[in-house]
Amino acid sequence: LDEERKESVRVGTADLLTMLITDEPNLEFTLALGADTFIDLVNGKWRRSEDVLQLVEYRIVVFRRLVEEDNASSEELKQHDEVKECIAKLQQ
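Predicted, not measured: the structure shown is a model, and the values here were computed from it.

### Thoughts on the overall build of the protein
So, step 1. Looking only at helices and strands, the protein features five helices and two strands.
So, step 2. Reading the protein from its N end, one meets helices and strands in the order α-α-β-α-α-β-α.
So, step 3. Relative to all contacts within the protein whose residues are 6 or more apart in sequence, the contacts with residues 24 or more apart total 71%.

### So, the confidence of the model for the protein
So, step 1. Residues at a pLDDT of 70 or more form 88% of the protein, whose mean pLDDT is 88.
So, step 2. Helix α4 (residues 49–55) holds the highest mean pLDDT among the elements of the protein, 97, whereas helix α1 (residues 3–8) holds the lowest, 72.

### Details of the environment of leucine 90
So, step 1. Secondary-structure assignment places leucine 90 in helix α5 (residues 74–91).
So, step 2. Judged by relative accessible area, which is 27%, leucine 90 ranks as partly exposed.
So, step 3. In contact with leucine 90, other than residues within four places in its own chain, are Phe38, Val42, Leu53 and Tyr58.

### Details of the pattern of salt bridges
So, step 1. Inspection of the entire model under this criterion finds six salt bridges.
So, step 2. Linking aspartate 40 and lysine 45 is a salt bridge whose minimum nitrogen-to-oxygen distance equals 3.9 Å.
So, step 3. Classification of aspartate 40 by relative accessible area gives partly exposed; the value is 29%.
So, step 4. Take lysine 45: its relative accessible area is 63%, and that puts it in the exposed class.

### Section: the pairing of strand β1 (residues 31–34)
So, step 1. The alternating pattern of β1 places Leu31 and Leu33 on a buried face, while none of Ala32 and Gly34, on the opposite face, is buried.
So, step 2. Pairing geometry for β1 and strand β2 (residues 60–63), over four bridges, is parallel. Note on β2: the bridge partner recorded for leucine 33 is valine 62.

Definitions and limits used
Residues numbered from 1 in each chain as written. Predicted model: local features only at pLDDT ≥ 70, side-chain atom pairs only at ≥ 80, totals over all residues. Heavy atoms only, no water. Helix = DSSP H or I, 4+ residues; strand = E, 2+ residues; numbered from the N terminus. Contact = heavy atoms within 4.5 Å. pLDDT = per-residue confidence, 0-100. Buried < 20%, exposed > 50% of the residue type's maximum accessible area, 1.4 Å probe, protein only. Salt bridge = Lys/Arg side-chain N within 4 Å of Asp/Glu carboxyl O. Pairing = 2+ DSSP bridges.

Right, dumping it as structure tokens:
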């Protein structure tokens, strides 16, 4: 592909995972995401969200900001609750 064509090609996470799984069929892939990105993925804001979840067989490590409950802002506490809700949604 020429440079102009390369720049016009869109490759998403599901496409990349499909390629990796095809190239390395004996490996198990796990996503490592920040809490906000995890929430977006589970709520279908990613292109092919469900495909991404299925391709990693729902193996996801979620990182959230470490905050002390006493010093946490309402936004941080809300995000913590959203992560728990998303985990519950995936376990259904």
